[in-house]
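Chain and residue survey
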Amino acid sequence: MEFIKNIISQNTLLSRIVKNTIFILALMISVFLTFVLSGIVFLSLLILFFFGLIIFTYLKLRSRLSGGRSPLFRSTKAFRGEPNAKTKRSKYSKDSNASDGPIIEAHNTPDGWSVED
């Protein structure tokens, strides 16, 4: 170890060759590690992409096979006012033929609101 320190501390041709060799080796190692780590990151992103693609394809096929009713988009159909599959009418539409029961009118009494006569 002392031999290498003495060679490097001197400003001779041999010390310059040793310094440059160490520098080139360090540079090669850092470039190699950069390529290895970037390859690992690229492969992990590629795996995540294919995993997402598989999940998307599964959900899309499941939606197509179940008649277009995706479990992910249930709430948006209600807001669009699309017909219900059982009653064939929207739950937000006002149908004059639909009867929800007798209409009871409330009136204000001294004790509060009441629906009794």
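What you are looking at is a predicted structure, and each value in this text was computed from that prediction instead of being measured.

Digging into the overall build of the protein
Secondary structure assignment for the protein yields three helices and two strands. Shown N-terminal to C-terminal, the secondary structure of the protein runs as helices and strands in the order α-α-α-β-β. In the protein, buried positions account for 4% of the 117 residues. When contacts within the protein are restricted to residue pairs at least 6 apart in sequence, long-range pairs at least 24 apart make up 0% of them. On the protein, roughly 11100 Å² of surface is accessible, and the fraction owed to carbon and sulfur atoms is 67%.

Re a nonpolar patch on the surface
A contiguous nonpolar surface patch, about 720 Å² in accessible area, is contributed by Phe23, Ile24, Leu25, Leu27, Met28, Val31 and Phe35. Considering the arrangement of structural elements, one finds Leu27 in helix H2 (residues 13-65).

Observations regarding the confidence of the model for the protein
Confidence in the prediction of the protein, expressed as mean pLDDT, is 78, and 69% of residues score 70 or more. When pLDDT is averaged over each element of the protein, H2 comes out on top at 93 and helix H3 (residues 74-80) at the bottom at 52.

Brief notes about H2
When the terminal C-alpha atoms of H2 are compared, their 77 Å separation across 53 residues agrees well with the 78 Å that a helix rising 1.5 Å per residue should span. Where H2 ends, the next residue or the one after it, Gly67, has phi of about 90°, a positive value.

Regarding the environment of Ile8
Here Ile8 shows up in helix H1 (residues 2-9). Distance from Ile8 to Lys19, taken between C-alpha atoms, is 6.8 Å for residues 11 residues apart in sequence.

Reading the values: the criteria
Residues numbered from 1 in each chain as written. Predicted model: local features only at pLDDT ≥ 70, side-chain atom pairs only at ≥ 80, totals over all residues. Heavy atoms only, no water. Helix = DSSP H or I, 4+ residues; strand = E, 2+ residues; numbered from the N terminus. Buried < 20%, exposed > 50% of the residue type's maximum accessible area, 1.4 Å probe, protein only. Contact = heavy atoms within 4.5 Å. Areas by Shrake-Rupley, 256 points an atom, 1.4 Å probe, with all protein chains shown as cover. Patch = residues over 30% accessible without salt bridge, like charges linked within 9 Å, V, L, I, M, F, W, Y side chains within 5 Å. Salt bridge = Lys/Arg side-chain N within 4 Å of Asp/Glu carboxyl O. pLDDT = per-residue confidence, 0-100. Expected span 1.5 Å × (residues − 1).

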